[in-house]
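Analysis of the macromolecular model
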Amino acid sequence: MPLLLEADAALARTLVPTLGPHAEVIARPEELDTLLQRRPHFAVVIGPGVDLQVGLVTAEHVKLRYPATAVVLVRETITSDVYAPALDAGVGAVVAHDDSQALAAAVGRARLTWESIQGPATEGRQAGHVITVFSPKGGVGKTTMSVNIALALTALGSRVCIVDLDLAFGDVAITLQLIPSHTLADAAGFEDQLDWSMLQSITTEHRSGLSVLAAPTNPEGRERITATLVRRLLAQLRDHFDHVVVDTPPGFDDQVLGAFDETDEVVVVATLDVPTIKNVKVAIETLDLLHLVRDHRHLVLNRADQEVGLTAANVAELLGVPVDLTLPSDLAVALATNNGDPIVSAAPDHVVARSILDFARGLPGVEVSPEAVVSGRRGLFGRRRKEVAR
Ligand SMILES: Nc1ncnc2c1ncn2[C@@H]1O[C@H](COP(=O)(O)OP(=O)(O)OP(=O)(O)O)[C@@H](O)[C@H]1O
Ligand SMILES: [Mg+2]
């Protein structure tokens, strides 16, 4: 979508109709970075009310930091001495404030250029939901949950990407029997140059249709993945997928905190033992302190079928978060994972798979497509597998 920089509300109102219904307006150049980092924009339009020098400095900044974004300079009157400095600053077009045809054409060109680099512009479409699967404890079932939730959402008709943020010990790819030729490490250092074609080139497609952004395969890769990169990656991915599922290492590290900035829903995984519940309580208090995903927390109790003196009701009361899903410990779950065919795709009728599918169905942004009906013998992914095989 285009972004208009114009402090004068009356001037802004005259330009917005030409820019389209999804144009965003900001009054100060200082607001630019927050918006451009959060959501890509194909054009920045500098309004006629913006001082020329401020406009030129802004244009230069935009072209340097967001090269795929075009800059259009709108002036009350165009004098010949505007063109040279505008060109130097990287402005793509200079148009008069009352020439709506020229403005529409400049914005149209910006969109076309953007789409040839980044894929379709996404205004009008609700951005995808980022679902982060988290626990302060290791081995409680985060990867099992994230992979199965991602497969469940895919089976329900969503376009899904799973991102493995367990940068040192990530096992999402192996859980899906994939040997990725590219990983997150290939995005390291590209904070300012992420685009759709690059993201496509580093994801691996699972036979179900699920896209996988795998963890680096060596430790150096991990060091080079910054929290900013994680934030921008997720911001870009949500523009192209209905759901982005993030698997995480145990606890908060910089990259996980970066992911939380873009997270809409967090799935907290716990088991029914006192040390885990104590740590989960501390983690939830940390989320409170940071004002993160306050009303969008889902508690999953995994392997919660044994009598250990704690019940789901105790835990919900202790943590102040309702339990959304309770799963038993079942050998079939571990076996399915070890076979590289997680339970949701290997045995969609299994009680654990059904529970995860029900849980996924309740997540925001899920519109169950008519084809996505569990079909007995062929299995949940039968149709998609056939499509892929063709
Ligand atoms: N409900 C379950 N029933 C049986 N086995 C399970 C269940 N959930 C998880 N497991 C098994 O427990 C082990 C740990 O699960 P998983 O790898 O998902 O945990 P994790 O929280 O991602 O661990 P880490 O912190 O090491 O990344 C795996 O072998 C998995 O197959
Ligand atoms: Mg894991």
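Bear in mind the structure is a predicted one, so any value in this text is a computation, not a measurement.

Remark on secondary structure: sheet strands pair via backbone hydrogen bonds, oriented parallel or antiparallel. In space, the five strands of this open sheet follow the order β2-β1-β3-β4-β5, with parallel pairing throughout. In the strand order of this sheet, the two ends are held by β2 (24-26) and β5 (93-96), each with one partner. Across the sheet, the mean angle separating the axes of adjacent strands is 25 degrees when strand polarity is ignored. As paired elements, strand β3 (residues 43-46) and strand β4 (residues 70-75) share four bridges and run parallel to each other. In the strand pairing of β4, V44 is matched with V71. Seen against the sheet, helix α1 (residues 9-19) touches β1 (2-5), β2, β3 and β4 and runs at an angle of roughly 165 degrees to β1. Helix α3 (residues 52-65) contacts β1, β3 and β4 of the sheet and is inclined by roughly 170 degrees relative to β4.

As a further point, take unusual backbone geometry. With a phi close to 60 degrees, Q177 is a non-glycine residue in the positive phi region. With respect to the helices, strands and loops of the structure, Q177 is situated in the loop between α7 (172-175) and α8 (196-202). For Q177, a relative accessible area of 55% corresponds to the exposed category. Within the chain, V293 stands out as a residue other than glycine whose phi angle is a positive 35 degrees. By the element assignment, V293 lies in the loop between α12 (274-289) and β12 (297-301).

With that out of the way, let us pick up the packing of aromatic side chains. Taken as a whole, this structure holds four aromatic pairs when the rule is applied. When the ring of F134 is compared with that of F260, the centres are 5.5 Å apart and the planes differ by 75 degrees; the resulting orientation is edge-to-face. Separated by 126 residues along the polypeptide, F134 in strand β6 (residues 129-134) and F260 in helix α11 (residues 254-261) bring together distant segments of the chain. Each member of the pair, F134 as well as F260, carries the same accessibility label: buried.

Not every one of the 17 residues close to ligand 1 is listed here, only the nearest: K142, T143, T144, N302 and D330. Within the side chain of T144, a nitrogen or oxygen atom sits 2.5 Å from an oxygen atom of ligand 1. Between ligand 1 and the protein, one listed contact pairs a nitrogen atom with a side-chain N or O atom of R303 at 3.1 Å. Breaking the shell around ligand 1 down by element, the ones donating at least two residues are α6 (142-155) and α14 (331-338). Taken together, the residues that form the shell around ligand 1 break down as five nonpolar, eight polar and four charged.

What follows is about the packing of helix α10 (residues 227-238) against α11. Helices that pack against each other are described as a pair by the angle of their axes relative to one another and the distance between those axes. Viewed as axis vectors pointing N to C, α10 and α11 meet at an angle of 30 degrees, and their least axial separation amounts to 8 Å. In the crossing of α10 with α11, the sense of the turn from one axis to the other is right-handed. Facing α10, whose interface residues are A227, V230, R231 and L234, α11 presents D254, Q255, G258, A259 and D261. For the contact of α10 with α11, the residue count by class is four nonpolar, two polar and three charged.

Right, let's get into the nonpolar core. One finds M145, I149, L153 and I356 to be the most contacted residues of the largest nonpolar core, which totals 38 residues. Of all elements in the fold, only β6, α6, β7 (160-164), α7, β11 (265-270), α14, α15 (343-346) and α16 (351-361) reach the threshold of two or more residues within this core. Among the elements that take part in this core, α6 stands out by supplying seven residues, more than any other. Excluding residues that lie within four positions of it along the chain, I356 makes contacts with M145, N148, I149, A152, L325, L327 and V344. Counting 24 residues, the second largest nonpolar core, distinct from the first, contains V163, M198, F241 and V244.

Another point: the domain arrangement of the protein. Entries for the protein in the domain assignment read domain 1 (2-118) and domain 2 (129-389). Here domain 1 and domain 2 have C-alpha centroids that lie 38 Å from each other. With eight residues of domain 1 at the contact, the number on the domain 2 side is 13 residues. When the two sides are added together, the surface that domain 1 and domain 2 hide from each other amounts to roughly 850 Å², 35% of it contributed by carbon and sulfur. Applying the counting rule to domain 1 against domain 2 returns one salt bridge. The closest approach of N and O atoms between D192 and R65, which form a salt bridge, is 3.8 Å. For the pair domain 1 and domain 2, the interface holds zero residue pairs in polar contact (both at pLDDT 80 or more). Residues of the side of domain 1 that touches domain 2, tallied by class, amount to three nonpolar, two polar and three charged.

Rules and cut-offs
Residues numbered from 1 in each chain as written. Chains lettered and ligands numbered in written order. Predicted model: local features only at pLDDT ≥ 70, side-chain atom pairs only at ≥ 80, totals over all residues. Heavy atoms only, no water. Pairing = 2+ DSSP bridges. Helix = DSSP H or I, 4+ residues; strand = E, 2+ residues; numbered from the N terminus. Axes fitted to C-alpha atoms, helices over the stretch in contact; angles between N-to-C directions. Contact = heavy atoms within 4.5 Å. Buried < 20%, exposed > 50% of the residue type's maximum accessible area, 1.4 Å probe, protein only. Phe/Tyr/Trp six-rings, centres within 6.5 Å; stacked < 30°, edge-to-face > 60°. Near = heavy atom within 4 Å. Polar contact = N/O pair within 3.5 Å; in protein donor to acceptor, adjacent residues only side chain to side chain. Nonpolar A, V, L, I, M, F, W, Y, C, P; charged D, E, K, R; others polar. Left-handed = near helix turned anticlockwise from the far one by under 90°. Core = buried A, V, L, I, M, F, W, Y, C linked by side-chain atoms within 4.5 Å. Domains from an automatic or database assignment. Buried area = accessible area lost by both parts, 1.4 Å probe. Salt bridge = Lys/Arg side-chain N within 4 Å of Asp/Glu carboxyl O.

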